[in-house]
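Working through the structure, step by step
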Amino acid sequence: LVAYLAVAGERPQPRDKLAGLLWGESGEEQARTSLRQALSGLRKCLGDDVLFADGGTVALGPTAFTCDVREFAAALADGSPAALERAAALYRGDLLEGFQAGAPTFDEWLAVERERWRQQALALLARLGESQEQAGRLDRATQTVARLVALDSLREDAHRRLLALYAR
């Protein structure tokens, strides 16, 4: 629940959507009860100022805490060379790598989100490597493109760029 809300950012999420996402295999009433219990437990753990819930929606507060997903998205949106370096440092693997909720709808959502963030990271590394190369930072460009190849070993263009960087 926290992971889903963190990825959603500050956008409030409908309670019915959350109940269906995490407890869709239960009946509708049981799913709502499970969500209420989960929210109650989270309030005890996180405090009332972190979790905002009204009758119909739930959200994490904008300053509740930081998470890599929010920071990664903000750095990508910034787009400056320093921000792109920061975004590359934040991406350390797939979203919630190794985690499965056992809720089919949530697991489907997670698979889509993992791929979406992975594709953004791959595009970021390609862009960053090119920028570093153009700036004459060949060592950094080589490291970045090597990381790109490690994340997606089937990218022939990245392999060619890496070989060209090694040659230079």
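Residues numbered from 1 in each chain as written. Predicted model: local features only at pLDDT ≥ 70, side-chain atom pairs only at ≥ 80, totals over all residues. Heavy atoms only, no water.

With that out of the way, let us pick up the environment of E25. Positionally, E25 belongs in the loop between α2 (15-23) and α3 (28-46). By relative accessible area, E25 is classed as exposed at 66%. In this structure, the C-alpha to C-alpha distance between E25 and E133, residues 108 residues apart in sequence, is 51 Å. (Helix = DSSP H or I, 4+ residues; strand = E, 2+ residues; numbered from the N terminus. Buried < 20%, exposed > 50% of the residue type's maximum accessible area, 1.4 Å probe, protein only.)

The next subject is the nonpolar core. Counting residues in each nonpolar core, the largest one holds 46 residues, and the members touching the most others are L1, L5, L18, L51, F72, F106 and W109. By residue number, the principal contributor to this core is helix α6 (residues 104-134), which donates 10 residues. Non-local contacts of L5, meaning those with residues more than four positions away in its chain, are made with Q13, L18, L51, V58, A59, L60 and R70. (Core = buried A, V, L, I, M, F, W, Y, C linked by side-chain atoms within 4.5 Å. Contact = heavy atoms within 4.5 Å.)

Glancing now at the pattern of salt bridges. All chains considered together, the criterion is met by 13 salt bridges. Between D68 and R92 there is a salt bridge, and its shortest N-O distance comes to 2.5 Å. Of this pair, D68 sits in helix α4 (residues 68-78) while R92 sits in the loop between α5 (81-90) and α6, placing them 24 residues apart in sequence. Residue R116 pairs with E113 through a salt bridge whose shortest N-O separation is 2.8 Å. On the criterion of helical spacing, the pair formed by R116 and E113 is a turn pair, its members being 3 residues apart in helix α6. Here the salt bridges do not stand alone but share partners, grouping D16, E28, E29, R32 and R36 into one network. (Salt bridge = Lys/Arg side-chain N within 4 Å of Asp/Glu carboxyl O.)

What follows covers the packing of aromatic side chains. Considering all chains together, one arrives at 5 aromatic pairs under this definition. Centre to centre, the rings of F99 and F106 are 6.3 Å apart; their planes meet at 90°, and the pair counts as edge-to-face. By relative accessible area, which is 2% here, F106 ends up buried. Taken together, the ring pairs connect Y4, F99, F106 and W109 into an aromatic cluster. Across the ring face of W117, the terminal group of R116 is positioned such that the distance to the ring centre comes to 4.6 Å. (Phe/Tyr/Trp six-rings, centres within 6.5 Å; stacked < 30°, edge-to-face > 60°. Lys NZ or Arg CZ within 6 Å of the ring centre and 35° of its normal.)

This part is about unusual backbone geometry. Glycine aside, negative phi is the norm for most residues, and most peptide bonds take the trans geometry. Of note in the backbone geometry, L96 takes a positive phi value of approximately 50° without being a glycine. When you line up the elements, L96 lands in the loop between α5 and α6. Relative accessible area serves as the criterion here: at 31%, L96 is assigned to the partly exposed category.

The subject of this paragraph is the sheet that holds strand β2 (residues 51-53). Two pairing modes exist for strands in a sheet, parallel and antiparallel, and in both the strands are linked by backbone hydrogen bonds. What the 3 strands build is an open sheet, ordered β1-β3-β2; its pairing is antiparallel. Two strands close off the open sheet at either side, each with one partner strand: β1 (13-14) and β2. As defined by bridge partners, β2 adjoins strand β3 (residues 57-60) across 3 bridges and the pair is classed as antiparallel. Residue pairing for β3: A53 is matched across the bridge by V58. (Pairing = 2+ DSSP bridges.)

This next bit is on the packing of α6 against helix α7 (residues 138-151). At a minimum axis separation of 8 Å, α6 and α7 run at an interaxial angle of 155°. On the basis of the axis angle, α6 is roughly antiparallel to α7. Classified by chirality, the crossing of α7 by α6 is left-handed. Contacts between α6 and α7 involve R118, L122, L125, A126, L128, G129, Q132 and E133 on the former and, on the latter, L138, R140, A141, T144, V145, R147, L148 and L151. (Axes fitted to C-alpha atoms, helices over the stretch in contact; angles between N-to-C directions. Parallel < 35°, antiparallel > 145°, perpendicular 65-115°, else oblique. Left-handed = near helix turned anticlockwise from the far one by under 90°.)

This brings us to α4. Among the residues of α4, those classed as buried are V69, R70, F72 and A75. Two residues or fewer after α4 comes G79, characterised by a positive phi angle close to 75°.

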